[in-house]
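Observations on chain architecture
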Amino acid sequence: MRSAILEPWVTGLPFEFSGHEWRPRESRLAILSGPALEEPSGDPTEDWLTALRRGEDVTRRLLETAEEEAPEQAAMVIEADSLQSALKSLRSGREQRPIQWSAALERLNSRDPDVAAVILVVKRPEAG
C-alpha cells in the first residue's frame, strides 16, 4: 500500500489502483483497518458502511507517516526564453523560484505550453 498508494498520494501524483486512475487533488482517500468482509453483499455502498462500522479509520496516521518518510524533492522554476538562457541564469546565480514537486509534475504532465525545457539532476551512485 505504501508504494502503490501512499507515496503517490503525498506527492500529489496520479496512480492506478483497482483498475482505475486516481488523482489525489480530485479524490478523497480513506483507509480503514479492521476485519475483512466475510461475504460482500454486492452493493458497494452497503459494504462500505459495514466496513466503516467494523473498522478504524487510520488514514490520517498512515498519511502523516508517509509524509514524514517521503524523500524531499526539490523543484525550481527559472524564467527564461530558452534552455541556453536558463543555463546562463543558473551559472550567474540569478533568481530561481522554488515550487512544490507536485506542482512541477502537474505542469509537466499537463504538457504546459509555457514549459520550454526541463533539467533533471540525478545523484551519482555512491562508490561502493
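To keep things clear, this report deals only with the structure shown in the data block.

What counts as what
Residues numbered from 1 in each chain as written. Predicted model: local features only at pLDDT ≥ 70, side-chain atom pairs only at ≥ 80, totals over all residues. Heavy atoms only, no water. Buried < 20%, exposed > 50% of the residue type's maximum accessible area, 1.4 Å probe, protein only. Helix = DSSP H or I, 4+ residues; strand = E, 2+ residues; numbered from the N terminus. Arc of directions from axis to C-beta. Contact = heavy atoms within 4.5 Å. Patch = residues over 30% accessible without salt bridge, like charges linked within 9 Å, V, L, I, M, F, W, Y side chains within 5 Å. Areas by Shrake-Rupley, 256 points an atom, 1.4 Å probe, with all protein chains shown as cover. Salt bridge = Lys/Arg side-chain N within 4 Å of Asp/Glu carboxyl O. Core = buried A, V, L, I, M, F, W, Y, C linked by side-chain atoms within 4.5 Å. Axes fitted to C-alpha atoms, helices over the stretch in contact; angles between N-to-C directions. Parallel < 35°, antiparallel > 145°, perpendicular 65-115°, else oblique. Nonpolar A, V, L, I, M, F, W, Y, C, P; charged D, E, K, R; others polar.

**Let's talk about helix H5 (residues 101–109)**
Buried within H5 are the following residues: Ser 102, Ala 104 and Leu 105. The arc that holds the buried residues of H5, viewed along the axis, is 160°, so those residues lie on one side. Its buried side turned inward, H5 meets helix H1 (2–11), strand E5 (75–77) and strand E6 (97–99). Just beyond H5, the residue with positive phi is Arg 111, at close to 55°.

**Some details on the environment of Phe 17**
Along the chain, Phe 17 falls in strand E1 (residues 15–17). In this structure, the C-alpha to C-alpha distance between Phe 17 and Ala 4, residues 13 residues apart in sequence, is 7.5 Å. Apart from the residues within four sequence positions on either side, Phe 17 is in contact with Ile 5 and Trp 22.

**Section: a nonpolar patch on the surface**
On the surface, Leu 83, Leu 87, Leu 90, Ile 119 and Val 121 cluster together into a nonpolar patch covering about 420 Å² of accessible area. Along the chain, Leu 83 turns up in helix H4 (residues 83–92). What makes Leu 83 partly exposed here is its relative accessible area of 37%.

**Quick look at the nonpolar core**
In this structure, Ile 5, Leu 6, Trp 9, Phe 15, Leu 29, Ile 31, Val 58, Leu 63 and Ala 66 together form the largest nonpolar core, which totals nine residues. Of all the secondary structure elements, the ones that give two or more residues to this core are H1 and helix H3 (59–69). With three residues, H1 is the largest single contributor of residues to this core. Ignoring sequence-local partners within four residues, the contact set of Leu 6 consists of Met 1, Leu 29, Ile 31, Leu 62, Leu 63 and Ala 66.

**Concerning the packing of H1 against H3**
Contact geometry for H1 and H3: axes closest at 9 Å, N-to-C directions at 75°. As summarised for this structure, H1 and H3 are arranged roughly perpendicular, according to the angle between their axes. Residues Arg 2, Leu 6, Trp 9 and Val 10 of H1 form the contact with H3, whose own contacting residues are Leu 62, Leu 63, Thr 65, Ala 66, Glu 67 and Glu 69. Of the residues in the contact of H1 with H3, the class split is six nonpolar, one polar and three charged.

**Describing unusual backbone geometry**
In this structure, Ser 18 is a non-glycine residue whose phi angle is positive, near 55°. Counting through the fold element by element, Ser 18 comes out in the loop between E1 and strand E2 (20–22). For Arg 111, which is not a glycine, the phi torsion comes out positive at approximately 55°. Note that Arg 111 resides in the segment after H5. Residue classification places Arg 111 among the exposed positions, given a relative accessible area of 71%.

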